[in-house]
Amino acid sequence: MKWAIVRFPGSNCDEDARFALEKAGIKAEYVWHTETSLKGFDGVFLPGGFSYGDYLRAGALAAKSPVMEEVKRFAREGRWVLGVCNGFQVLTEAGILPGALLANLNLHFTCKEVGVRVERTDLPFTRLYQKGQVLRLPIAHAEGRYYADAETLARLEGEGLVVFRYAPLRGEADYNPNGSLNDIAGITNERGNVLGMMPHPERAVDEVLGGTDGLPLFLGLLEEVTA
Amino acid sequence: METLAQEIGIPETEYREMVKRLGREPNQVELFLFKVMWSEHCAYKNSRPLLKQLPKEGEAVLQGPGENAGVVRIGEGFAVAFKIESHNHPSAVEPFQGAATGVGGIIRDIMSMGARPIALLDSLRFGPPEDPRSRYLLKGVVSGIAHYGNAIGVPTVGGDLYFHEGYRENPLVNAMCLGLLREEHLRRSQASLGRPIYYAGAKTGRDGIGGAAFASRELAADKEEDRPAVQVGDPFLGKLLMEATLEAIEKDLVEGVQDMGAAGLTSSLSELAHKSGLGVELDLDRVPTRERDMGPIELLLSESQERMVLVPKEGKEKELEEIFKKWGLDCVPVARTIPERVFRVLYRGEVVAEVPTEALAEAPTYVRIGREDPEIQRLRETPLPPLTADPQEVLPRLLASPNLASREAVYERYDHQVGTRTALVPGKGDAAVLWIKGTHLAVAAKVDQNPRYSRLHPRLGAMHALAEACRNVSVVGARPLAYTDGLNLGSPETPEGYHELQETIAGLREASEALGVPVVSGNVSLYNESGGRRIPPTAMVGVVGVLDVRRRAEMGFRRPGEVIVLLGEEGGEFGGSEVLYLLAGLEAGHPPRLDLERERRVQEAIRELIALGLTRTAHDLAEGGFLVALAEMTFPYGLGATVEVRTPGLKALFGEAPSRILFTVAKEHLKEATFRLEELGLPYRVLGETGGQTLTVLTPEGVLEWRVQDLVEAWKKPLREVLDG
C-alpha cells in the first residue's frame, strides 16, 4: 500500500503526514504539486500548512494546482483522499467536499488539544474506533470554523456525512474551539472515500508526542486493503 | 566627507580610524559601509572585549561563537545548532513586523549552519500590563511571532515573558531557534578562491535601510519616524527559501552558506570573505530588485527579508539554480571571491567602493570605566519591611500576578507541535523537549532571566539566569550542554550602563565555569534606554540539553498517592521577590544568594533520579517560592496534594531561593530515592502526597486549603483578559 503526500509551496505538515503513515506501516512518498499523475498510489494525503501563504484564502490557490485534477479523479473513482487542516481547506476550495472553513470565532490561531467524537465507524478511516468514542487530538488553525448553508448542512446530517464532531473532554462547556456549525470537525463524501478534518490525527500517533488517538485512523486504512 | 560622517552620526575618532585604515578619505558609499559594519549591532564594539572572558570550550561543542549559530553534538551523529537574537528596536516601533522578522532572521541563521529549524523560543519583556501601550506591544508581538512561526512551520515551544516597569519604553523581543543537523551537513560562512557567490530568495527593495545602525542607538521620542527602518517579513517566501536551501545542503551542492540579515549584502558578503581570508567583488547590477533606480548605498544596505547567500561547490552551479527554480525563487551569481582581501563593489560597470575586508570586519573596540548606579545600590541595601498577610489569600493573588499568571493565552496562539517532535508541550514541563525521531534522543531547551534580580544585582542576576535555565533543563531529565546568551542592556556610554554590562558578563562567566556549561552563540543589544532610563540588565540565557526521551519528567502531578519530596531546604528570601512586590509594592533588597556548587549537585541529583526512573514528575522552585511551585504542579492534570510545612512564617511559603526542586516518587521507591540524596549529601524533606481535588497545606500556624479548580481559574484569567481584550 502506497500513499502520495502532496507538497504545495507552503505545506508544512508533510513530514508529520509521512511520519504517521509510515508509523502505521504504509509507504509514503512526497509528490510536488505540479505533478499531473498519481498513478501507482492507493491514496493521497493533502497535509496541513499554509499553502501559498494562505494568500487570497486558505487553500484557494492550492485548489488550482495541477495535481488537483488527479485528486478529483481519486475522489470520483473511490480511491482514498485525506485532507487535514489546510488539506481540508483545499478539499472544500476545490469543491471535492462541501462547505467552507471560516475564521475561528476567536479570530486568532489556536493550538491546543480538543475532544473529537467519532460519529461513524463504517469508514476505513474510522473502523478501528468505537462509535461515540471521544478522541484527544490537537488542533492548530486560524480558519477552522466549518460553515455550510442550511440546505447543505441538512444534507450532511441527513446522509450521515459528519464523521467527527468536537466534544467535551472533561465536561467543559466551551469544547467547540472555533465555532463550527453543528460542532463539525470532519466530514466525508457520499462514497465515504474522502475525509476532510481540521484536527491533526497525524500529530497523535506516538506516546512520546503525548497521545496515540490518531494512530487507528491510519491503521484502519491498512486493514482495508489487506482484509 | 567628514561633514557627512558627522551628519550620519560617525564619531570623529572613528572617522579618523577609517581614513587611517584606507590610507585615504572614504567616498560616500564607503562611508556608509563603515557606518553599518561599525555599528554596535554588527561590531560589538563595547561588548567584544568583555565577551572574551566567557568559557567557550566543551566536549559537545562543534562550533562556538563567531558563526551564524553555535552547534553542539547530541549523539548518534546528530547535532543541534542554536542561537538567540534580539529584535527590540523594530518591535518597539512596529511590534507585529518587528517580531515576525526577528523570528525569520533567527531561522535563517540556523539554516545557514546546514540545520533544519525545529523549534523556536521567545523571550519577551514589556512594561506593566495595565499600561495600554505595553498591552498593544504585547499583542502585536505575539501576533507577529504567530504569523511568521506558524506559517513557516517551525513550532514555538517555549520562552519566557516578564512585565516590569523598566521595559515600559523599551520592550525586549528576543527569539531563539534550534536546528537539527547531521554532523556531516555542518556548513559555515566560507568560500574558496574564485567561486561565484549566489544571491537567493526575495528581491531587494528599499525596506529596512539602515536597520543595523537604527538598532544601535537610543529610541527617539517620536518612534513613528523610524518606521521606514523596519523590515517586512513574508513567512511564505521564507518557507520556500528554507526548503530550497536545505535541499541544496542535503544534496551537497554548496560549500558555504550565509544569511542576509542586519546590514544586508554588505555584512553577509564582507564577512563571508573575511572569514575565508579572501576578498569579494560584488556586481550590484546583478542583484534582483523589486524597485526601480535603487542606488548603490540602498542596494548595499537594504535589509529586505528572506534572502540568503550561497556558494556552490565547483560544477554544482546548474543544479543549485534548478532547485531554486523549482521553488520559484531567484538564485543568481552576484559576486565572486578574489585573492585581494578587499570588498569591491561595482555599480553600472564602475568601482564605487573598495575597502579592505579586515577594516570593515574589525571595528575599533572600547573599554570603558564602569561605576555602579548609587540608586541601585541603595535599593539593594534597603532594609525590607516585615510582611504580614494571610497566606490563604496571598496564593491566589500571587498566581494571578502578571509575572506568575498562566501563559496559556500566549502559547495557544503558536503552533507548538508542527514537525511531530514536541515531546513536552508548553505548560507541561519546565523546559521544552524535542524528540529526534528514529532515535531515543531528545533535546531540551529553556530560556530564562529574572529582571528583578538582575536590576538589583546585575552579576548575581546573570548567574541566576544561567543557573535557572540549566535547572529547568535538568528538571525534565536533560544534561545541559551549552547556552546562548541574549544580552540586552542600556547604553554602554554611561559609567552605570557599562558597569551593568561588565557585571552581567562577569556573572555569566562565573556561573558558566561552575556549572561546566559553555556559551556557543549569542547576541548583544545595547542602547535600550529612553530619557536616561535604562532597562534592567537582561541576560536572556537559552540552555540546550540532551536526554533519553524515554526518561523525561513533566511538572504536573499525574498519579494519586505519590510521595512529594522537596530537594533542598524550606525557607527563602524576600529580596527581589514577587511576593514583596505584591504585598509591599517594592522591588528592593538583596536577591537570593546562589551557591553554584550546591546548584550543580542538585541538578545532577534530579537528573539521576529521572534517569533511574525513580521520578517522572519534577518542577523547580522559582518566582513566588514554594507554594506557587506546588500549586503549579496541580494544574496540568487537576490533581491535588496534601503537604506539611514545618517552618513557620511567610518566608517558608513564598520566599525565593535557588537550588530547590519538588518531585514525586512512588511509595515503593521512596527509600531508594532518599538514599540517593543522602549519598549525595543533599538536604531533602518528605512533604506529603498527591491526591484529591484540593491543595492542602499544614503549617505551624494552621491549615491552608484551596480547590485546585479555583486556583487554576485565578491563574489563567489575567493574561487571557489582556490578550483577548
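Provided above is the structure to which this section pertains.
Numbering of residues begins from 1 in every chain and follows the order in which that chain's sequence is written. For naming, the first written chain is A and the first written ligand is 1, with later ones following in the order written. Local features are withheld for residues below a pLDDT of 70 in this predicted model, meaning they are given only at 70 or higher, and side-chain atom pairs are given and counted only at 80 or more; totals for whole chains, interfaces and linings count all residues.

Right, let's talk about the overall build of chain B for a bit. In DSSP terms, a helix is any run of H or I states spanning at least four residues, a strand is any run of E spanning at least two, and both are numbered starting from the N terminus. Looking only at helices and strands, one finds 26 helices and 28 strands in chain B. By the compact-globule yardstick of 27 Å for 725 residues, chain B fits well, its C-alpha radius of gyration being 26 Å. Burial is judged by counting the other C-beta atoms within 10 Å of a residue's own C-beta: 20 or more makes it buried, 12 or fewer makes it exposed, and any count in between marks it as partly exposed, with every C-beta position built from the backbone. Across the 725 residues in chain B, those meeting the buried criterion constitute 61%. When we talk radius of gyration, it's over C-alpha atoms, and the globule rule is simply 2.2 Å times the number of residues to the 0.38.

Attention now moves to the overall build of chain A. Each helix and strand in chain A was counted, giving 5 helices and 11 strands. Against the 2.2 N^0.38 benchmark of 17 Å for 227 residues, chain A shows a C-alpha radius of gyration of 16 Å, consistent with a compact globule. Projected onto its principal axes, the C-alpha positions of chain A cover 45 × 40 × 35 Å. Of all 227 residues assigned to chain A, the portion counted as buried reaches 58%. Contacts here follow a simple rule: the backbone-placed C-beta atoms of the two residues must lie within 7 Å. Taking the contacts inside chain A whose residues are at least 6 apart along the sequence as the reference set, 76% of them involve residues at least 24 apart.

All names here are of chain A. The pairing criterion for strands is at least two bridges between them, as found by DSSP. Reading across the sheet, the 9 strands line up as E2-E1-E3-E4-E11-E10-E9-E6-E7 and stay open at both edges, with mixed pairing between neighbours. Pairing within the sheet leaves two strands with one partner each, and these edge strands are strand E2 (27–32) and strand E7 (134–141). Mean inter-strand twist for the sheet, computed between neighbouring axes without regard to direction, equals 25°. Summarising the sheet, strand E3 (residues 43–46) and strand E4 (residues 80–84) pair through 4 bridges and their orientation is parallel. Residue pairing for E4: Val44 is matched across the bridge by Val81. Contacts from helix H1 (residues 14–23) reach strand E1 (2–7), E2 and E3 within the one sheet, and its direction differs from that of E1 by about 170°. Axis definition: a line fitted to C-alpha atoms, over the contacting stretch in the case of helices. Angles run 0 to 180 degrees between N-to-C directions.

This part is about the packing of helix H7 (residues 95–111) of chain B against helix H10 (residues 235–250) of chain B. Residue and element names in this part refer to chain B. Across the interface, H7 lies against H10 with an axial gap of 11 Å and an inter-helix angle of 5°. Relative to H10, the element H7 lies roughly parallel. Here H7 contributes Gly104, Ile107 and Met111 to the contact with H10, which in turn contributes Pro235, Gly238, Met242, Thr245 and Leu246. Residue polarity follows a fixed list, in which Ala, Val, Leu, Ile, Met, Phe, Trp, Tyr, Cys and Pro are nonpolar, Asp, Glu, Lys and Arg are charged, and the others, Gly among them, are polar. Residue classes in the contact of H7 with H10 are distributed as 5 nonpolar, 3 polar and no charged. In these notes the angle categories are as follows: under 35 degrees is roughly parallel, over 145 is roughly antiparallel, 65 to 115 is roughly perpendicular, and the rest is oblique.

Residue and element names in this part refer to chain B. Judged by pairing direction, the sheet is mixed, and its 7 strands sit side by side in the order E23-E25-E22-E26-E24-E27-E28 without closing on themselves. Where the open sheet ends on each side, the last strands, each with one partner, are strand E23 (617–620) and strand E28 (702–707). Averaged over all neighbouring strand pairs, the angle between strand axes comes to 20°, with direction disregarded. Alignment of E23 against strand E25 (residues 661–665), held across 4 bridges, turns out to be antiparallel. Bridged to His619 within E25 is Leu662.

Our next topic: the interface of chain B and chain A. Between chain B and chain A, the residue contacts involve 24 residues of the former and 22 residues of the latter. Among the secondary structure elements, those contributing two or more residues to the side of chain B that touches chain A are helix H8 (132–152), H10 and strand E14 (422–424) of chain B. For the side of chain B that touches chain A, the element with the most residues is H10 of chain B, which contributes 4 residues. Partitioning the side of chain B that touches chain A into residue classes produces 11 nonpolar, 8 polar and 5 charged.

A separate point is the nonpolar core. Judged by nonpolar contacts, the single largest core of 312 residues is most densely connected at Val44 of chain A together with Val80, Ala444 and Leu466 of chain B. In terms of residue count, the dominant contributor to this core is helix H19 (residues 458–475) of chain B (10 residues). Once residues within four sequence positions are removed from consideration, Val44 of chain A is found in contact with Trp3, Ala4, Val6, Leu38, Val71, Phe74 and Val81 of chain A. For our purposes the nonpolar core covers buried Ala, Val, Leu, Ile, Met, Phe, Trp, Tyr and Cys residues that link as a set through C-beta atoms within 7 Å.

A few words now on the environment of Val61 of chain B. Residues and elements named next belong to chain B. Among the secondary structure elements, Val61 is positioned in strand E1 (residues 61–63). C-alpha separation for the pair Val61 and Val703, spaced 642 residues apart in sequence, amounts to 51 Å. When sequence neighbours within four positions are dropped, the list of residues in contact with Val61 reads Val72, Ala482, Pro518 and Val520.

What follows concerns the environment of Arg48 of chain B. Residue and element names in this part refer to chain B. In this structure, Arg48 sits in helix H5 (residues 48–51). By the C-beta count within 10 Å, which is 15 here, Arg48 ends up partly exposed. Placed 318 residues apart in sequence, Arg48 and Tyr366 show a C-alpha to C-alpha distance of 8.5 Å.

All names here are of chain B. Inspection of the sheet shows strand E24 (residues 641–644) paired to strand E27 (residues 694–699) by 4 bridges, in the parallel sense. Each bridged residue has a counterpart across the sheet, and for Ala641 the counterpart in E27 is Leu695. Of the strand pairs in this sheet, E27 and E28 are connected by 6 bridges, and their pairing is antiparallel. Note that in E28 the partner of Thr696 across the bridge is Glu705.

The next thing to look at is the pairing of E25 of chain B. Residues and elements named next belong to chain B. Counting buried positions along E25 yields 5 of 5 residues, so the element is predominantly enclosed. In E25, alternate side chains face the same way, and those of Ile661, Phe663 and Val665 on one face and Leu662 and Thr664 on the other are all buried. The pairing of strand E22 (residues 563–567) with E25 spans 5 bridges and is classified as antiparallel. Paired with Leu566 across the bridge in E25 is Leu662.

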